[in-house]
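The residues making up each chain are set out below.
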Amino acid sequence: MTAVEDTPDATSLMPTLAGEYYTSADIFAAEQERVFEEMWFCSVRSADLETPGAFRRVTVGRESVLVVRGRDGALRAFLNVCRHRGAMICTEESGQVKRNLQCPYHAWTYGLDGKLIAAPNLASLKDDSGADLDRVAWGLIPVALREWLGYAWLCLADEPPPFEDDVIGAVTERLGTAEAVGHYGVDGLALGHREVYDVAANWKLIVENFMECYHCATIHPELTEVLPEFADGLAAQYFVGHGAEFGEEVRGFTVDGSDGFESLPGLDPDQDRRYYAITIKPTVFVNLVPDHVIVHRMFPMSADRTVVECDWLYAPDVVAAGADTARSVELFHRVNVQDFDACERTQPAMSSRAYRNGGVLVPAEHHIGDFHAWLNERLSLREGRRPVGH
Amino acid sequence: MTAVEDTPDATSLMPTLAGEYYTSADIFAAEQERVFEEMWFCSVRSADLETPGAFRRVTVGRESVLVVRGRDGALRAFLNVCRHRGAMICTEESGQVKRNLQCPYHAWTYGLDGKLIAAPNLASLKDDSGADLDRVAWGLIPVALREWLGYAWLCLADEPPPFEDDVIGAVTERLGTAEAVGHYGVDGLALGHREVYDVAANWKLIVENFMECYHCATIHPELTEVLPEFADGLAAQYFVGHGAEFGEEVRGFTVDGSDGFESLPGLDPDQDRRYYAITIKPTVFVNLVPDHVIVHRMFPMSADRTVVECDWLYAPDVVAAGADTARSVELFHRVNVQDFDACERTQPAMSSRAYRNGGVLVPAEHHIGDFHAWLNERLSLREGRRPVGH
Amino acid sequence: MTAVEDTPDATSLMPTLAGEYYTSADIFAAEQERVFEEMWFCSVRSADLETPGAFRRVTVGRESVLVVRGRDGALRAFLNVCRHRGAMICTEESGQVKRNLQCPYHAWTYGLDGKLIAAPNLASLKDDSGADLDRVAWGLIPVALREWLGYAWLCLADEPPPFEDDVIGAVTERLGTAEAVGHYGVDGLALGHREVYDVAANWKLIVENFMECYHCATIHPELTEVLPEFADGLAAQYFVGHGAEFGEEVRGFTVDGSDGFESLPGLDPDQDRRYYAITIKPTVFVNLVPDHVIVHRMFPMSADRTVVECDWLYAPDVVAAGADTARSVELFHRVNVQDFDACERTQPAMSSRAYRNGGVLVPAEHHIGDFHAWLNERLSLREGRRPVGH
């Protein structure tokens, strides 16, 4: 086992970010601009959009984005704004159009590929040079989209960063090899359960909470029962390639340690009876256990509010057979509620004079410092912004 | 027919205002100061205040204004603020006082003409020079008021602009003559129905929507049935003096084209079987049809919220007889709902990067550019403010 | 009787603060910093926390403060923020812990004296110099606390101002002697009734209202019946040492002038049958009558919202006997409702152009000018801030 970083002083207390990072509307705006709108942002489960014309509307940073299945079977994403006078093309959360995307205000009509295909008097409209309108240039504004692990990842940047480095690389770095996650066949799994949590806390508190296990003994009795080493408080993500082992008596990753389902077919023997937690910055958590995968997607709404959508994914035959997933789902649902409660009771103190210069990280939390350094680097991009706090 | 302006390039796309005009609290504050509080603002229907002491409280820009019927029968308007310690004189939306306007905090008492007439120990109070208080100078602060078309128009400016130019002139410019509106005898009509709409959109989106008919074919099926030329999308207000003609089969301006009421007595023959829409900037729409008049008054509350009060006015004998106005009211009520829905689905996109530089106006909407130019000119008054956007 | 200040011109009108003092978020923030967080702030009734481990959570300025009864019987106050990662120690309004204050996130545990006494792996944590953590330095951050009149007064300043001058001195100045308030034995009284009011008004409007009686004849019929001299409108607090005398027919300080309870044992004869009102800046009112004491504590929440907690205190045997205090409580409860209504109808006008430069104080209100001067002085402390308004 290799520690993620050298920890020259394994006993000292490291400073956290200053309190204002979790409360300032200005810093949240900077995060929207330089984090959520410039990085790959996991938005929609691909399988939620099955047939051509199926769409879902998601918020990425400050933008409403339409993800839609094309007639050719491909997923595409567009800003949800008509090019004419700006009406939203779709106001429903999700739905199905018959053939095209039509603005209901003046009937400007776009193909599922975004191209402008009709509008009242379109033939007589000319551009500045007097030419007919270019149907692509006047189409819906496209948003970069990549599919991976069965999800559509979007990027609003003009030049998206390399997906292989930022997204796939984060998983490889955590698991130790590029192949490890592939054994779970995540993009072939089926959705067994979905839960949406509206959390009154800054998204970074949720990330920090997920990254450390110093709190596990205190607030996660069921999880610690299943994964006894979590009682020691060492971070689930502290060691490269390491997954926490199930307790000897534990038969499955369930709320009471009772049987789960058959292990997913492609697993390595050393992936069985283990739990792997992965953070893909900025807003995704992937949790791997032998018989299912749990994926969290965060949607930061304001400095003090984050919506979290959590999917429980199983082998397709488990879902098709209508198997009872209740005890399996209940374990991590309780973990979620316990964690989000902790985040919500932390948020109010972020504005206290007691947290003006932040709090401290104990050694088992030191790797959270990397997350803070990474954030400060992103926020200082472009304009040489001086990081706030320490 | 004369077009409102020369349109040298009847096919090109013109830019709209930038998105921030519809979302910025700063620009809304500037509009309150330089538009709603400096122009004539249509507030209250005069006939709503019948007897001496009847009052209504209205919001003009950022001010609460009291409009009250005097003992002499005249309407007057005052800031709704006691001169002593600032309590609101009236907190009810409307009502009737017996004799005077008395502040319920310390009993400072004002006549219906605003003059200070009583206060505890008033006789012993002296001004800076030691003289008795001047009862007029220490009266309620008056607001300029003009009555026209049966409504009280208020102006908070120290020197109100010429009513004849700004208000009456707008109607003349649209109808072609100063007399045309007089034929409808609007100030003698009776209120048949009133509807209040709370619209989650910037007031300018509502103005722009009212000014153009490019959307009519798409969202107004009933209106287009009654006024077939609206299906062509040419603006109702595009040509000076032009009113849209009823369809051949149409018997009245009703939701199903069935009979309306007798035409108003003073109409010119060429005003019969026609619909005229008039925008009186900043916040009033007047709709003239042969047997009734529809008046919209907007009350902008914030950058993204506007309350619209809409009156349906009929000949007094129609209202007195209790005639069934349901089909007549239903037509424009549907139009209102359709329009305000469109505005509400446009508002959210105003903050999108897709609308950072605005959208486009097709030729049938080019006259909206005049509205934008007018607004920019008003906002740049006084302090040489540089217009935002194009 | 000595007037509080010379009033060289007893008939003139004095200006009040400008309207923005009551609406500006910036001025409210300055008040939080320089008034509520630097002065002694009356927070909790000591007797509410009887046994060791009893706590109450209060908001002082922008801080959540925990007041807790120690094992040694002493009250102490701490910022309600864990030193580790900032979670709130207590989220309930009040309660009782068994032995210690434990953060429910990572189980850092503090004694009732604030000292850090346990944490997972605490023994292995070291400070920057490599030494064991100092349990006091890493304890909960203490807040200065003084008990007087049966209440815990808190001060967040690094160097609290002299309690004797700022708090006790205010009472002495009003009553004329340092001993006068002692005759009521306030800290030995028992709580008969508590009422909490959520007032949509700036805290200073509530102070100003309490300081003057020019409004009494208008809005306080019951109070004026009991205290006839209040009908003259002279301020209850205008003359040093003066208490308003009960009317001749009045038998007690009750809503209908009926009998109250026996006078408190220590009263001077000249304190019997009299009402004394005292303002202890910034947020406390004390009302003394022969048989009970009424204490108002304000909790300013924003520029336009103030929570007021009002206690009715009686001799312990009155409360122990379960005596009927309804008519006694009802009198000042009505006064409170009448006053807070007046403040709420004043708040909206503070943003009007009519109050841009404020209103006026009549001679019977001139002493409110001292409050305004005092506030301006506090706000201009430290950074030579130029007072707003007159």
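Under an unreviewed UniProt entry, the name given to chain A is (2Fe-2S) ferredoxin, and the organism recorded is Rhodococcoides trifolii. In its Cofactor (unreviewed entry) section, the UniProt record describing chain A reads: "Fe cation".

Trainee: What exactly am I supposed to notice about the overall build of chain A here?
Mentor: A tally of regular secondary structure across chain A gives 8 helices and 20 strands. Against the 2.2 N^0.38 benchmark of 21 Å for 390 residues, chain A shows a C-alpha radius of gyration of 23 Å, consistent with a compact globule. Pairs at least 24 residues apart make up 66% of the contacts formed inside chain A by residues separated by at least 6 positions. Taken as a whole, chain A presents about 15400 Å² of accessible surface, with 48% of it coming from carbon and sulfur. If the 34 positive side-chain charges of chain A are averaged to one point and the 60 negative ones to another, these points end up 9 Å apart.

Trainee: Honestly, the pattern of salt bridges in this entry has me stumped. Any pointers?
Mentor: Opposite charge on two side chains permits pairing when their charged atoms draw close. Within the structure shown, the criterion is met by 69 salt bridges over all chains. Linking B:Asp198 and B:Arg305 is a salt bridge whose minimum nitrogen-to-oxygen distance equals 2.8 Å. Of this pair, B:Asp198 sits in strand S13 (residues 190–199) while B:Arg305 sits in strand S19 (residues 305–314), and the two are 107 residues apart along the sequence. Overall, B:Arg305 belongs to the partly exposed group, its relative accessible area being 33%. A salt bridge links B:Asp259 to B:Arg251; the nearest nitrogen and oxygen atoms lie 3.2 Å apart. The class for B:Asp259 is partly exposed, based on a relative accessible area of 45%. Given the relative accessible area of 55%, B:Arg251 is considered exposed. Look at the salt bridges and you will find they share partners, linking A:Asp48, A:Arg56, A:Arg194, A:Arg297, A:Glu309 and A:Asp311 into a network.

Trainee: Before we go on, may I ask you to explain the UniProt feature "domain: Rieske" (unreviewed entry) in chain A in this structure?
Mentor: Cross-referencing UniProt, the feature "domain: Rieske" (unreviewed entry) maps to residues 40–139 of chain A in the present numbering. Measuring from the first to the last C-alpha atom of residues 40–139 of chain A gives 23 Å, for a span that is 0% helix and 34% strand.

Trainee: How do you make sense of the relation of the copies chain C and chain A when you look at a structure like this?
Mentor: Two chain copies, one operation linking them: a rotation about an axis together with a shift along it. Each copy of the sequence occupies a distinct position, and chain C is placed on chain A by a rotation of 120° and an axial shift of 0.2 Å, giving an RMSD of 0.1 Å. Expressed as a symmetry operation, the mapping of one chain copy onto the other fits a three-fold axis. No C-alpha of chain C lies nearer the rotation axis than that of C:Ala25, which sits 9.0 Å from it.

Trainee: Mind showing me how you'd approach the pairing of strand S5 (residues 63–69) of chain C here?
Mentor: On a regular strand, each side chain points to the face opposite its neighbour's, so the side chains alternate between the two faces of the sheet. All names here are of chain C. Burial of S5 is extensive: 7 of the 7 residues sit out of reach of the surface. Residues Glu63, Val65, Val67 and Arg69 line one face of S5 and the alternating positions Ser64, Leu66 and Val68 line the opposite face, and both faces are buried. Where strand S4 (residues 54–60) folds back onto S5 in an antiparallel hairpin, the turn is made up of 2 residues, including Gly61, whose phi is positive at roughly 60°. Bridge count for S5 against strand S6 (residues 75–79) is 5 bridges, and the pairing is antiparallel. When the sheet's bridge partners are listed, Arg69 is paired in S6 with Leu75. Here S5 folds back onto S6 in antiparallel fashion, the turn holding 5 residues, of which Gly73 has a positive phi close to 90°.

Trainee: Help me understand the sheet that holds strand S13 (residues 190–199) of chain C in this model?
Mentor: Two orientations exist for strands paired in a sheet by backbone hydrogen bonds: parallel and antiparallel. Residues and elements named next belong to chain C. Taken in spatial order, the 6 strands line up as S13-S19-S18-S17-S16-S15 in an open sheet, and their pairing is antiparallel. A strand with exactly one partner marks an edge of an open sheet, and here the two such strands are S13 and strand S15 (244–245). Pairing of strand S18 (residues 292–302) with strand S19 (residues 305–314), which is carried by 10 bridges, proceeds in the antiparallel orientation. Among the inter-strand pairings, His292 is bridged to a residue of S19, identified as Tyr314.

Trainee: Looking at this structure, how should I read the confidence of the model for chain A?
Mentor: Close inspection of predicted coordinates is inappropriate for parts of the model with low pLDDT. All names here are of chain A. Residues with a pLDDT of 70 or more make up 94% of chain A, whose mean pLDDT is 93. Counting contacts from residues 1–8, a segment whose pLDDT is below 50, to residues more than four positions away or on other chains yields 15 contacts. Low pLDDT, under 50, characterises residues 382–390; the predicted model gives this stretch 17 contacts beyond four residues in sequence or across chains. The ipTM, which scores confidence in the relative placement of chains, is 0.91 for this predicted complex, and the corresponding pTM is 0.92.

Trainee: How do you make sense of the sheet that holds strand S15 (residues 244–245) of chain A when you look at a structure like this?
Mentor: Residues and elements named next belong to chain A. Strand order in the open sheet formed by 6 strands is S13-S19-S18-S17-S16-S15, with antiparallel pairing between adjacent strands. Single-partner strands in this sheet number two, and they are strand S13 (190–199) and S15. As defined by bridge partners, strand S17 (residues 284–289) adjoins strand S18 (residues 292–302) across 6 bridges and the pair is classed as antiparallel. Paired with Phe285 across the two strands is His296, which belongs to S18. Sitting on the sheet, helix H3 (residues 203–211) is in contact with S13, strand S16 (274–280), S17, S18 and strand S19 (305–314), with an inclination near 150° to S16.

Trainee: Before we go on, may I ask you to explain the interface of chain C and chain A in this structure?
Mentor: Where the parts come together, the accessible area they lose is often given as the size of the interface. If you look at the interface, chain C gives 29 residues, while chain A gives 30 residues. For the pair chain C and chain A, the summed buried area comes to about 2400 Å², and 55% of that belongs to carbon and sulfur atoms. Summed over the three residues of chain C that lose the most area to chain A, namely C:His84, C:Arg85 and C:Tyr105, the buried surface amounts to 29% of that side. Our count for the chain C to chain A interface comes out at 4 salt bridges. Here A:Arg353 ties to C:Glu63 by a salt bridge, and the two come within 3.7 Å at their closest N and O atoms. Applying the counting rule to chain C against chain A returns 15 residue pairs in polar contact (both at pLDDT 80 or more). Of the residues belonging to the side of chain C that touches chain A, the class tally is 17 nonpolar, 6 polar and 6 charged.

Trainee: In this structure, what is going on with the state of the cysteines? I would like to understand it.
Mentor: Note on terminology: a disulfide is the covalent bond linking the sulfur atoms of two cysteines. In total, this model carries 3 disulfides over all chains according to the counting rule given. Here A:Cys213 is linked by a disulfide to A:Cys216, with a sulfur-sulfur distance of 2.1 Å. Taking the sign of the torsion about the S-S bond as the criterion, the disulfide between A:Cys213 and A:Cys216, at about -110°, is left-handed. With respect to class, A:Cys213 is no different from A:Cys216; both count as buried. Left without a disulfide partner, B:Cys343 is nearest to the cysteine sulfur of A:Cys103, which lies 12 Å away. Of all cysteine sulfurs in the structure, the one in C:Cys42 sits closest to C:Cys155, which takes part in no disulfide; the separation is 13 Å. Residue classification places C:Cys155 among the buried positions, given a relative accessible area of 1%.

Trainee: I keep staring at helix H2 (residues 163–175) of chain A and nothing clicks. Help me out?
Mentor: Each α-helix turn comprises 3.6 residues. Residues three or four places apart therefore point the same way. Residues and elements named next belong to chain A. With 13 residues, H2 ought to run about 18 Å at 1.5 Å a step, and its terminal C-alpha atoms sit 17 Å apart, in line with that. At Gly169, H2 shows its largest bend, some 45°. Of the residues making up H2, those classed as buried are Phe163, Val167, Ala170, Val171, Arg174 and Leu175. Here the buried face of H2 lies against strand S11 (142–148), strand S12 (151–155), strand S14 (239–240), S16 and S17.

Trainee: Teacher, can you tell me more about the packing of H3(A) against helix H7 (residues 326–346) of chain A here?
Mentor: When two helices pack together, their arrangement is captured by the angle between the axes and the distance separating the axes. All names here are of chain A. Between H3 and H7, the shortest axis-to-axis distance is 10 Å and the interhelical angle comes to 130°. By the criterion of interaxial angle, the relationship of H3 to H7 is oblique. Crossing geometry of H3 relative to H7 is assigned as right-handed. Of the residues in H7, those in contact with Leu205, Ile206 and Asn209 of H3 are Asp339, Phe340, Ala342, Cys343 and Thr346.

Trainee: I tried to follow the side chain of B:Asn336 on my own but got confused; where do I start?
Mentor: Locating B:Asn336 in the fold gives a position in helix H7 (residues 326–346). Those residues within four positions of B:Asn336 in sequence are excluded, and the remaining contacts are B:Tyr197, B:His296, B:Cys310 and B:Trp312.

Conventions we followed
Residues numbered from 1 in each chain as written. Chains lettered and ligands numbered in written order. Predicted model: local features only at pLDDT ≥ 70, side-chain atom pairs only at ≥ 80, totals over all residues. Heavy atoms only, no water. UniProt positions renumbered as here; feature names shortened; annotations may be inferred. Helix = DSSP H or I, 4+ residues; strand = E, 2+ residues; numbered from the N terminus. Rg over C-alpha atoms; globule rule 2.2 N^0.38 Å. Contact = heavy atoms within 4.5 Å. Areas by Shrake-Rupley, 256 points an atom, 1.4 Å probe, with all protein chains shown as cover. Lys, Arg positive; Asp, Glu negative; His and termini not counted. Charge placed at Lys NZ, Arg CZ, Asp CG, Glu CD. Salt bridge = Lys/Arg side-chain N within 4 Å of Asp/Glu carboxyl O. Buried < 20%, exposed > 50% of the residue type's maximum accessible area, 1.4 Å probe, protein only. Least-squares fit on C-alpha atoms with pLDDT ≥ 70 in both. Pairing = 2+ DSSP bridges. pLDDT = per-residue confidence, 0-100. Axes fitted to C-alpha atoms, helices over the stretch in contact; angles between N-to-C directions. Buried area = accessible area lost by both parts, 1.4 Å probe. Polar contact = N/O pair within 3.5 Å; in protein donor to acceptor, adjacent residues only side chain to side chain. Nonpolar A, V, L, I, M, F, W, Y, C, P; charged D, E, K, R; others polar. Disulfide = S-S within 2.5 Å. Expected span 1.5 Å × (residues − 1). Bend = angle between axes of the 7 residues up to and from the residue. Parallel < 35°, antiparallel > 145°, perpendicular 65-115°, else oblique. Left-handed = near helix turned anticlockwise from the far one by under 90°.

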